[in-house]
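Notes for the structure review
Chain by chain, the residues run as shown.
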Amino acid sequence: DMALSGLEIGIIGAGDMGMLYAKRFKKAGYTVNICDIPSKYEELLEKHRDLGINVMRDGYAVSRRSDFIVYSVPAVTIGKIVEEYGRATKVGAIVAGQTSVKTPEIEAFEKYLPDDVHIVTCHSMHGPNIDTKGQPLAVIRHRSSDEKYAQALEVLGALESRMIFLTFEEHDRITADTQAATHLSFISLGTAWSLQGYHPWLNPQFISGINNVKVAMALRIYASKWHVYAGLAIMNPLAKKQLQCFVESMTDLYKHMIAGKKKEFRDLVYEAADFIFGKDRTHKKILLDDDILDQLSLSQVPKEMSKPNSHLSLLSAAVCWYRMNMSPYDNLICQTPPFRMWLGIVEYLFCNEEMLEESIQTALEDRYTQAEDLVFYTAVTGWGQCIALGSFDGYRERFEKTAAFLGHKLEEGKDLSTMILKKLTDKDTNK
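The following refers to the structure shown. (Residues numbered from 1 in each chain as written. Predicted model: local features only at pLDDT ≥ 70, side-chain atom pairs only at ≥ 80, totals over all residues. Heavy atoms only, no water.)

Some details on the overall build of the protein
Scanning the protein from N- to C-terminus turns up 18 helices and eight strands. Looking at the protein as a whole, 58% of its 431 residues are labelled buried. Expressed as a percentage of contacts within the protein between residues at least 6 apart in sequence, the contacts between residues at least 24 apart total 78%. (Helix = DSSP H or I, 4+ residues; strand = E, 2+ residues; numbered from the N terminus. Buried < 20%, exposed > 50% of the residue type's maximum accessible area, 1.4 Å probe, protein only. Contact = heavy atoms within 4.5 Å.)

Quick look at the structure:
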């Protein structure tokens, strides 16, 4: 009923997520004021004239009249934008951000917002192509009266998401744990394919089962905006530690493969398996069944021609979790679609003894696979260095180059991964 009491929602940043929020709040009956960078004003006005939302020239116009303001901007620019518009915030308003890393956002809010403003921030743990209903929404009460907090929850309720209440530090820890290594793996797969100049849907090593998920998720990420992933990797102080651990885990496994240290390789893989999935691994928790995995394929190679794969990326993820003493299942409350898929395929591999054995054998015995994995290893370390140096330009260049190589399949991959995710969600609802 708040919507009826004339509460106005302001959204600064009319990108994909900003527009997703604007439409949901409008649908719930709120007055919505939105802006983007001033130079986009005319274009925005033209594009959204039939939506019934107020397109404004800049963040000053939005801030002075809105009661609940969402900064929907890249993590990279949050400081600069709040410094610019924060002082125009209406007295007593509630301010939220929709960035994927909360530490720099909260720092900007504390530094630039007036003291008479309430801070209740949030983060929809999914991209703009997924309906907000039922998806996880992190809600962070940082500085607010009980009355304003209740108001914020009422407004965010319009998204119909599943709210998870966290502090900003908890949020950043969980997103580092769930997203850092996950994204690094998927983006490195894409880069490895582009370095070798082949498309995975033409390669017999990427045909069946869980390989379809790898291909679909890599394409999904490359169909998105680079800054979403760069911000998470570079600006979240906790992500660095996990990325370093992932790179080291993969390095150790790969050195064992090349040096023919079969026992060491096998021991490391099985220690990780016991730690994450327990001694009895016959029970699968998340993922899809084989028939579903095989239906969902972009591959142009017949299934019977499929070649074994070492799944080095998945083995490295398990070793990384084990070394960080982290159970990935604990983080499922804040799971993002890629993390869920990632844990799903790691689990699928480790809970299928025959397949795990084949993957270990392939890694240790098959020269072709070792050569392929060299390129993947190079891609991972290249991305790792780029992130460790904090280079946004380098990140962008690498990302866009790979996206261009995968270009014509990106949309198809996005649709395919959306189908896989839908099947996962359906499976959950039917439990």
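Details of the pairing of strand β7 (residues 136-143)
As paired elements, strand β6 (residues 118-124) and β7 share six bridges and run antiparallel to each other. When the bridges of β7 are listed, Thr 121 appears paired with Ile 140. Crossover handedness for the path β7 to helix α6 (residues 146-156) to strand β8 (residues 162-165): right-handed. (Pairing = 2+ DSSP bridges. Right-handed = clockwise from strand over helix to strand, strands pointing away.)

Considerations on the pairing of β8
On a regular strand, each side chain points to the face opposite its neighbour's, so the side chains alternate between the two faces of the sheet. Of the strand pairs in this sheet, β7 and β8 are connected by four bridges, and their pairing is parallel. From the neighbouring strand, Val 139 faces β8, where its bridge partner is Phe 165.

Section: the pattern of salt bridges
The tally for this structure, following the rule as stated, stands at 17 salt bridges. For Arg 141, the salt bridge goes to Asp 146, with nearest N and O atoms at 2.7 Å. Given a relative accessible area of 36%, Arg 141 falls into the partly exposed group. As a salt-bridge pair, Arg 173 and Asp 177 come within 3.2 Å of each other at their nearest N and O atoms. In this pair, Arg 173 and Asp 177 both sit in helix α7 (residues 168-196), four residues apart, roughly one turn of the helix. Because the salt bridges share partners, they merge into one network encompassing Arg 24, Asp 131, Lys 133 and Glu 160. (Salt bridge = Lys/Arg side-chain N within 4 Å of Asp/Glu carboxyl O.)

Notes on the packing of aromatic side chains
Going through the model one piece at a time under the given rule, you end up with 14 aromatic pairs. Ring geometry for Phe 25 against Tyr 30: centres 6.3 Å apart, planes inclined by 90 degrees, an arrangement best described as edge-to-face. Relative accessible area serves as the criterion here: at 0%, Phe 25 is assigned to the buried category. Residue Tyr 30 is classed as buried on the basis of its relative accessible area of 4%. Here the aromatic cluster, defined as three or more aromatic residues joined through ring pairs, consists of Tyr 222, Tyr 229, Trp 383, Tyr 395 and Phe 399. The positively charged end of Arg 398 is found above the aromatic ring belonging to Trp 383, 4.7 Å away from the centroid. (Phe/Tyr/Trp six-rings, centres within 6.5 Å; stacked < 30°, edge-to-face > 60°. Lys NZ or Arg CZ within 6 Å of the ring centre and 35° of its normal.)

So, the packing of α7 against helix α8 (residues 210-222)
As a packed pair, α7 and α8 sit with axes 9 Å apart at the nearest point and diverge in direction by 95 degrees. Of the possible angle classes, the one that applies to α7 and α8 is roughly perpendicular. Side by side, α7 and α8 meet where His 183, Phe 186, Ile 187, Leu 189, Gly 190, Thr 191 and Trp 193 of the first sit next to Lys 214, Val 215, Met 217, Ala 218, Ile 221 and Tyr 222 of the second. Per-class residue counts for the contact of α7 with α8 are nine nonpolar, three polar and one charged. (Axes fitted to C-alpha atoms, helices over the stretch in contact; angles between N-to-C directions. Parallel < 35°, antiparallel > 145°, perpendicular 65-115°, else oblique. Nonpolar A, V, L, I, M, F, W, Y, C, P; charged D, E, K, R; others polar.)

Let's talk about α6
By the burial criterion, the buried members of α6 are Lys 148, Tyr 149, Gln 151, Ala 152, Val 155 and Leu 156. In a view along the axis of α6, the buried residues occupy a sector of 160 degrees, so they form one face of it. For α6, the exposed residues set more than 90 degrees away from the buried face come down to Asp 146 and Glu 147. (Arc of directions from axis to C-beta.)

A word on the environment of Cys 320
Within the secondary structure layout, Cys 320 lies in helix α13 (residues 312-323). Filtering out sequence-adjacent residues up to four positions away, Cys 320 remains in contact with Gln 242, Cys 245, Phe 246 and Ser 249.

What about the environment of Met 324?
Relative to the helices and strands, Met 324 resides in the loop between α13 and α14 (337-350). Considering only alpha carbons, one finds Met 324 and Cys 245, 79 residues apart in sequence, at a separation of 7.6 Å.

Here's the deal with the sheet that holds β8
Pairing is mixed across the open sheet formed by eight strands, whose spatial order is β3-β2-β1-β4-β5-β6-β7-β8. Lying at the two open borders of the sheet, with one neighbouring strand each, are β3 (54-55) and β8. As paired strands, strand β5 (residues 94-97) and β6 are joined by two bridges and run parallel to one another. Bridge pairing in β6 places Ile 94 opposite His 118.

Considerations on the side chain of Asn 236
Here Asn 236 shows up in the loop between α9 (226-235) and α10 (239-259). Look at Asn 236 and you get buried, because its relative accessible area is 0%.

Notes on the side chain of Asp 36
Take Asp 36: it is sitting in the loop between β2 (31-35) and α2 (41-47). What Asp 36 contacts, discounting residues up to four positions off in sequence, is Gly 13, Ala 14, Gly 15, Leu 44 and Arg 57.

A closer look at the nonpolar core
Core analysis: the largest hydrophobic core is formed by 83 residues, its most contacted members being Phe 265, Val 346, Phe 350, Tyr 395 and Phe 399. In this structure, Phe 350 is in contact with Val 269, Ala 273, Phe 277, Arg 281, Leu 314, Leu 315, Ala 318 and Leu 356, ignoring residues within four places of it in sequence. Listed in part, the 31 residues of the second largest apolar core include Leu 20, Tyr 30, Val 70 and Leu 156. (Core = buried A, V, L, I, M, F, W, Y, C linked by side-chain atoms within 4.5 Å.)

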